[in-house]
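Chain by chain, the residues:
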Amino acid sequence: MTYQQAGRIAILKRVAGWVIFIPALLSTIISVLGFMFKHSEKQPGIDAVMLDFVHVMIDMVKFNTPFLSFFWQNSPVPEFNGGTNIGFWIIYFLIFVGIALQASGARMWRQSRHIKEGIEDQLILEQAKGNEGRSRAQLEEKINVPRHTILLQVFPLYILPIVIAIGGYFVLKLLGLL
């Protein structure tokens, strides 16, 4: 693939990454808020005050975000106490697929810009050689840009989902929802 094609693919990857990331993030946040709302019922003790506060805050957020009504109505509410949450976990994982796509596209974009600048620098040197120098087309045909897969994005695709899930577990445990 030429560096021009790599630049175009990089832009598409970055846009696709954001298009996947933003709805998946909104859906996951709303799913967790739905879980917290569902499990913030009246309980005795000190947890009751905190859970009442959480219940009121989530209700207020839901009321003040009518533009997110699609997500409030269709996001799968997880059941962490023994239910199957396949839809929730797929949407949660899509957050990190979007991040990995965007990171892969950013890397390809940087490489294509670097290659373009390198060709322009080399072209100046070739023009200094006179008639013996190579043309832009000759320089460009020697360049082959490798494809970048999102599967090589180790941190955003493999490590970050686990770290955030563990952090979320501790937050829900602290709130007394698990």
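Details of the structure are given in the entry above.
Presented here is a report on the structure given in the accompanying data block. (Residues numbered from 1 in each chain as written. Predicted model: local features only at pLDDT ≥ 70, side-chain atom pairs only at ≥ 80, totals over all residues. Heavy atoms only, no water.)

Some points on helix α6 (residues 154-174)
Condition: In this description a helix means any DSSP run of H or I spanning at least four residues, a strand means any run of E spanning at least two, and both kinds are numbered starting from the N terminus. A helix is expected to reach a length of 1.5 Å times the quantity of its residues less one. One fitted axis covers the seven residues ending at a residue, a second covers the seven starting there, and the bend at that residue is the angle between these axes. Exposure classes here rest on a 1.4 Å probe applied to the protein chains alone. A residue is buried below 20% of its type maximum, exposed above 50%, and partly exposed in between. Between two residues, a contact is recorded if the distance between any of their heavy atoms is within 4.5 Å.
Between its first and last C-alpha, α6 extends 30 Å over 21 residues, near the 30 Å set by a 1.5 Å rise per residue. The largest bend along α6 reaches roughly 40 degrees and is located at Leu 160, with the proline Pro 161 sitting one to four residues downstream. Along α6, the residues that are buried comprise Pro 156, Leu 157, Leu 160, Pro 161 and Leu 172. Elements that come into contact with the buried residues of α6 comprise α1 (3-38) and α4 (86-128). Once α6 finishes, Gly 176 follows within two positions and takes phi at roughly 80 degrees, a positive value.

Some words on the environment of Leu 175
Position of Leu 175 relative to the elements: it lies in the segment after α6. For Leu 175, a relative accessible area of 12% puts it in the buried group. Put simply, Leu 175 and Val 54 are 121 residues apart on the chain and 9.2 Å apart in space, counted from C-alpha to C-alpha. Dropping the residues within four chain positions of it, Leu 175 is found in contact with Met 36, Met 50, Leu 51 and Val 54.

A word on the nonpolar core
So the rule is basically this: Among the buried residues, those of types Ala, Val, Leu, Ile, Met, Phe, Trp, Tyr and Cys that are joined through side-chain atoms within 4.5 Å form a nonpolar core.
Ranked by size, the top nonpolar core spans 12 residues in total: Ile 30, Phe 35, Met 36, Leu 51, Val 54, Ile 58, Leu 68, Phe 71, Trp 72, Leu 172, Leu 175 and Leu 177. Secondary-structure elements contributing two or more residues to this core are α1, α2 (46-64) and α3 (69-74). Leaving out residues up to four positions away in the same chain, Val 54 has contacts with Met 36 and Leu 175. Residues Met 1, Ala 6, Ala 10 and Ile 119 belong to the second largest nonpolar core, which totals 7 residues.

Section: the side chain of Gln 153
Relative to the helices and strands, Gln 153 resides in the loop between α5 (136-141) and α6. We classify Gln 153 as buried; its relative accessible area is 15%. Contacts of Gln 153, omitting those with residues within four sequence positions, involve Ala 100, Ala 103, Ser 104 and Tyr 158.

Examining a nonpolar patch on the surface
We count it as follows: Patches here: salt-bridge-free residues with over 30% relative accessible area, like charges joined within 9 Å, nonpolar side chains (Val, Leu, Ile, Met, Phe, Trp, Tyr) joined within 5 Å. Each accessible area is a Shrake-Rupley estimate made with a 1.4 Å probe; only the visible protein chains count as cover when residues are assessed. The working definition used for a salt bridge is a side-chain nitrogen of Lys or Arg within 4 Å of a carboxyl oxygen of Asp or Glu.
Taken together, the side chains of Leu 151, Val 154, Phe 155, Tyr 158, Ile 159 and Val 163 present a nonpolar region at the surface, about 560 Å² in accessible area. Classification of Leu 151 as exposed rests on a relative accessible area of 52%.

A few points about the side chain of Thr 28
Turning to its location among the elements, Thr 28 is positioned in helix α1. When neighbours within four sequence positions are excluded, Thr 28 is seen to be in contact with Phe 88, Ile 91, Tyr 92 and Ile 95.

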